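# Structural description and commentary
Below are the chains, spelled out letter by letter.
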Amino acid sequence: MGKKAGKRGTGLSEPDGQIRLGVTAGMRKKNMAASAKLARTPAVSSSPKKGRAQKKRAQEPRVKKARIKKAQLEGPDIELNRNHAPARHANGPTATADAEPGVRYKPSPHPDFDELAANLGRLADETARATNAYLKPHLAGEPSKLASAEIAEMTRTLGRIAEGWLAEPQRAVEAQARLTSGFIKLWGDTLRRFQGEQVPQAQPTDHGDRRFKDPAWTENPFFDFLRQSYVHAASWAEDMVKEAQGIDAHTRHKAEFYVRQLASALSPSNFVALNPELIRQTIEQNGANLVRGAQMLAEDVEAGGGELRVRQTDGATFEVGVNLAITPGAVVFRNDLIELIQYAASTETVLRRPLLIVPPWINKFYILDLNPEKSFIRWAVAQGLTVFVVSWVNPDARHAQKSFDAYMKEGIFAALDAIKTATGEEKVAAIGYCVGGTLLSAALGYMAAKGDRRIKSATLFTTQVDFKHAGDLQVFVDEEQIRAVEEEMGPRGFLDGNRMATAFNMLRPNDLIWRYVVDVYLKGKAPMPFDLLFWNSDSTRMPAANHSFYLRNCYLENKLSQGRMVIDGVAIDLGKVSIPIYNLAAKEDHIAPAISAFEGSHCFGGEVRYVMAGSGHIAGVVNPPAKQKYQYWTGGPAGASFQDWVQGATEHKGSWWPDWFAWIERQAPARVPAREPGGGKLAPLCAAPGTYVKMKA
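Residues numbered from 1 in each chain as written. Predicted model: local features only at pLDDT ≥ 70, side-chain atom pairs only at ≥ 80, totals over all residues. Heavy atoms only, no water.

### Thoughts on the environment of Glu302
Mapped onto the fold, Glu302 is located in helix α10 (residues 288-303). Judged by its relative accessible area of 40%, Glu302 is partly exposed. Along the chain, Glu302 and Ala130 lie 172 residues apart, while their C-alpha atoms are 7.3 Å from each other. Sequence-distant contacts of Glu302, that is, excluding residues within four places in its chain, are made with Arg129 and Ala133. (Helix = DSSP H or I, 4+ residues; strand = E, 2+ residues; numbered from the N terminus. Buried < 20%, exposed > 50% of the residue type's maximum accessible area, 1.4 Å probe, protein only. Contact = heavy atoms within 4.5 Å.)

Have a look at this one:
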């Protein structure tokens, strides 16, 4: 953990006339006065008229106070440059590196106390508004019980770790001594730095950790002590979990996860009074950053119905069907669970065999059609494929009893029937993404048992069928936690989409939660528009029956890989699935780890082409060839050892998409004239992307 190393020094010094923060070796008695503690400027008189005259003489010309107030409270987002020191201009006010074009902002060398007081009043109002939004469901008798159950589970898990250490007093004392001695050494090093000595860091900076990128975290002894103390304590806590005796693997995994969450939440970078950048910006903007942040916090708690939906992007920038999911096509079939979209051909001829894509129902399908440059769907159409995509309904109480068998029959099988009607083709190629791939795999086992051979090849995108290496999502799955989820779903018939979104965000808390808490709610910066994060926040609900079946049969009991899953009275044996399978994993996937997808390859009875893409669960899949990003590896069949396969695999630069299409085309190269949506047999119901995808959770 850390930041980019900057120039060494005993204090955080800004350009002439700007703020100086922190404790330095040169601080003397004059700095003890509260009004001069954070700034080297002439003292401002308590008399308003004299104070304004003094400020006018001490400062460069400023824009009018009313304009400053408008810019801070209503104007464009303003922040300091990468080094957090304003770039000075000879002919005008200071311009910020990250400000919008044409916007200039001149930080004040010390607070305007009148404006600061006014902003503190506004901050109190907005904080009260957020608090009222949070309390509203509680006062109405509608609070979620799942949050308290999760806190209880965390307390119980960490308590098990504590019990393990208390059972060995000698080791516990030694562990406590390591923590204490580390703090003592850090404090001694800090005192030496205050005296001007050059002292090596006990906890070196991590240049990849953006939380501590501000120079003050290493140049200022006080803030460097905070940073190193935090890193030391967090590392010690992680070691305590790893070294605890008599703890089963699942409990240890949960404890490691919870310690990471607590460490991320308690980082000094998350607190205004402990973060030098936040202190500086709050003084320079007279607290206007906190007012803007509180306004957005209140809006987000209100939007979440009493729960915070962390704002990760500018949602007003995007609209599904307008600048997202715009590949031409039409909905050609609809039932209670799906809309089936057929995309318009862009080539004169197409492969005779149609392609059906089964996306996950825990997210919306347009991750594969974000924009024309990133769209896998548009690219597949351009290669001459007739592409059909399932768009799942955003379920509500009416769908409470829709289970895995309904998603298979009313989803995949209904889509196959509609494809045959529209194209006249019974044989199709299929793709399943994430949990959509798990559903597709189970459907293949069901079809094999029934002698149904309509799907002639299958592609699995970052899919698990064997869940013994299920990654960090496994920490949410044990009998107690599943029972708590089922109790939450029971009265309404579904799990709120925000719950699943939060779980995924917790897998990367520093990147997906706390960076936005700091940037949005403390710095007051509206986030930049980003299509991927808009999709990520466009959550979906889970029908109670389906979600419970999935958690219990896959994550908890791993029945699918063992041939013990039963759907509609049929035992699912993946060993009977003999069709060719293209099994795509992602090297850095934290949701469906590459080793988990590798182990799943062994479950099928036919030829499996295992391919590992670079990057993670999303970027590893959505990687268009034109970008020439990342890489992928091929290495023949998945053998007994994942590590052996990786060591022997061949790396290829760029996207795996062309490799996949060559695999598809080799199986059925015959072509026919391009098809229109519906093929004259199914009347288009509406234009793509349809109506189900636009339903909000």
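### Focus on empty space enclosed by the protein
In the structure shown here, the tally under the stated rule is four cavities of 30 Å³ or more. If you add up the space inside the largest cavity, you get close to 140 Å³. Lining the largest cavity are 15 residues, with Arg210, Arg211, Val518, Asp519 and Lys523 sitting closest to its centre. Ranked by the residues each element gives to the lining of the largest cavity, the list is headed by helix α16 (residues 509-522), at five residues. Counted by class, the lining of the largest cavity contains three nonpolar, four polar and eight charged residues. Empty space within the second largest cavity amounts to approximately 80 Å³. (1 Å grid on protein atoms, 1.4 Å probe; cavity = no way out; pocket = protein on both sides within 12 Å on 5 of 7 lines; lining within 4 Å. Points joined across faces, edges and corners; volume = space filled by probe spheres on them. Nonpolar A, V, L, I, M, F, W, Y, C, P; charged D, E, K, R; others polar.)

### A look at the sheet that holds strand β9 (residues 455-461)
The strand order across the open sheet built from 11 strands is β17-β16-β15-β14-β9-β8-β6-β7-β4-β3-β19, with neighbouring strands paired in mixed fashion. A single partner strand is all that each edge strand has here, and the edge strands are β17 (650-653) and β19 (686-687). Pairing analysis gives six bridges linking strand β14 (residues 581-586) to strand β15 (residues 608-613), with the strands arranged parallel. Bridging from a neighbouring strand, Asn583 pairs with Tyr610 of β15. Along the sheet, helix α13 (residues 435-450) makes contact with β6 (355-358), β7 (387-392), β8 (428-433) and β9, crossing β9 at roughly 155°. Each of β6, β8, β9, β14, β15 and β16 (631-634) touches helix α22 (residues 657-667); the most contacted strand, β9, lies at about 170° to it. (Pairing = 2+ DSSP bridges. Axes fitted to C-alpha atoms, helices over the stretch in contact; angles between N-to-C directions.)

### With respect to the environment of Asp466
Mapped onto the secondary structure, Asp466 falls in the loop between β9 and α14 (479-489). Classification of Asp466 by relative accessible area gives buried; the value is 7%. The spatial distance from the C-alpha of Asp466 to the C-alpha of Ser561 is 5.0 Å, given a sequence separation of 95 residues.

### Focus on a nonpolar patch on the surface
On the surface, Leu262, Leu266, Phe271 and Leu274 cluster together to form a nonpolar patch covering roughly 330 Å² of accessible area. Following the sequence through the fold, Leu274 ends up in the loop between α8 (249-265) and α9 (276-284). With relative accessibility at 30%, the residue Leu274 sits in the partly exposed group. (Patch = residues over 30% accessible without salt bridge, like charges linked within 9 Å, V, L, I, M, F, W, Y side chains within 5 Å. Areas by Shrake-Rupley, 256 points an atom, 1.4 Å probe, with all protein chains shown as cover. Salt bridge = Lys/Arg side-chain N within 4 Å of Asp/Glu carboxyl O.)

### Considerations on unusual backbone geometry
Between Ala688 and the following residue, Pro689, the backbone shows a cis peptide bond with an omega angle of 10°. Of note, the phi angle at Thr462 is positive, near 40°, even though the residue is not glycine. Tracing the backbone through its elements, the reader meets Thr462 in the loop between β9 and α14. Its identity as a non-glycine residue notwithstanding, Tyr630 has a phi of 60°, on the positive side.

### A closer look at the confidence of the model for the protein
The share of residues in the protein with pLDDT of 70 or more is 84%, and the mean pLDDT across the chain is 86. Contacts from residues 1-108, a stretch scored under 50 in pLDDT, to residues over four places away or in other chains number 197 contacts. (pLDDT = per-residue confidence, 0-100.)

### Comments concerning the nonpolar core
Membership of the largest hydrophobic core comes to 132 residues, with the highest contact counts inside it found for Tyr366, Phe376, Val387, Ile455, Trp656 and Trp660. With near-sequence residues (within four places) excluded, Phe376 lies in contact with Ile357, Leu368, Ile431, Phe461, Trp656, Trp657 and Trp660. (Core = buried A, V, L, I, M, F, W, Y, C linked by side-chain atoms within 4.5 Å.)

### Notes on the packing of aromatic side chains
By the definition in use, this model includes 33 aromatic pairs. Look at Phe222 and Phe223: their rings are 5.2 Å apart centre to centre, the planes differ by 70°, and that puts the pair in the edge-to-face class. Residue class for Phe222 comes out partly exposed when judged on its relative accessible area of 34%. Judged by centre distance (5.3 Å) and plane angle (85°), the ring pair of Phe598 and Tyr610 falls under edge-to-face. Of this pair, Phe598 sits in helix α20 (residues 594-601) while Tyr610 is found in strand β15, placing the two residues 12 residues apart along the sequence. Each member of the pair, Phe598 as well as Tyr610, carries the same accessibility label: buried. Grouped by ring-pair contacts, the aromatic residues Phe376, Trp379, Tyr433, Phe461, Tyr582, Trp656, Trp657, Trp660, Phe661 and Trp663 constitute a single cluster. Stacked on the ring of Phe413, the Lys or Arg Arg454 has its end atom at 5.6 Å from the ring centre. The aromatic ring of Tyr516 is capped on one face by Arg515, whose charged end is 5.1 Å from the ring centroid. (Phe/Tyr/Trp six-rings, centres within 6.5 Å; stacked < 30°, edge-to-face > 60°. Lys NZ or Arg CZ within 6 Å of the ring centre and 35° of its normal.)

### Structural notes on the pairing of β9
With six of seven residues buried, β9 lies mostly within the body of the structure. With six bridges joining them, β8 and β9 adopt parallel strand pairing. Across the sheet, residue Ala429 finds its bridge partner in β9, namely Ser457. The β-α-β motif built from β8, the intervening α13 and the parallel element β9 has right-handed crossover chirality. Relative to β14, β9 runs parallel, the two sharing four bridges. Directly across from Phe461, in β14, lies its bridge partner Leu584. (Right-handed = clockwise from strand over helix to strand, strands pointing away.)

### Things to note about the environment of Ala619
Among the secondary structure elements, Ala619 is positioned in the loop between β15 and β16. By relative accessible area, Ala619 is classed as partly exposed at 25%.

### Re the packing of helix α12 (residues 404-423) against α13
For the pair α12 and α13, the least separation of the axes is 10 Å and the interaxial angle reads 80°. Regarding the angle of α12 to α13, the classification is roughly perpendicular. In contact with Phe404, Tyr407, Met408, Lys409, Ile412, Phe413 and Leu416 of α12, α13 contributes Leu439, Leu440, Ala442, Ala443, Tyr446 and Met447. (Parallel < 35°, antiparallel > 145°, perpendicular 65-115°, else oblique.)

### Considerations on the side chain of Lys364
When you line up the elements, Lys364 lands in the loop between β6 and α11 (376-382). Polar contacts involving the side chain of Lys364 include one to the main-chain carbonyl oxygen of Val693, which spans 2.9 Å. For Lys364, the residues in contact, after removing those within four places along its chain, are Asn394, Trp535, Asp538, Ser539, Thr540, Val693, Lys694 and Met695. (Polar contact = N/O pair within 3.5 Å; in protein donor to acceptor, adjacent residues only side chain to side chain.)

### Structural notes on the pairing of β15
Counted residue by residue, β15 has five buried out of six residues, so it is predominantly covered. For the crossover from β14 across α20 to β15, the handedness is right-handed. As paired strands, β15 and β16 are joined by three bridges and run antiparallel to one another. Paired with Val611 across the two strands is Thr634, which belongs to β16.

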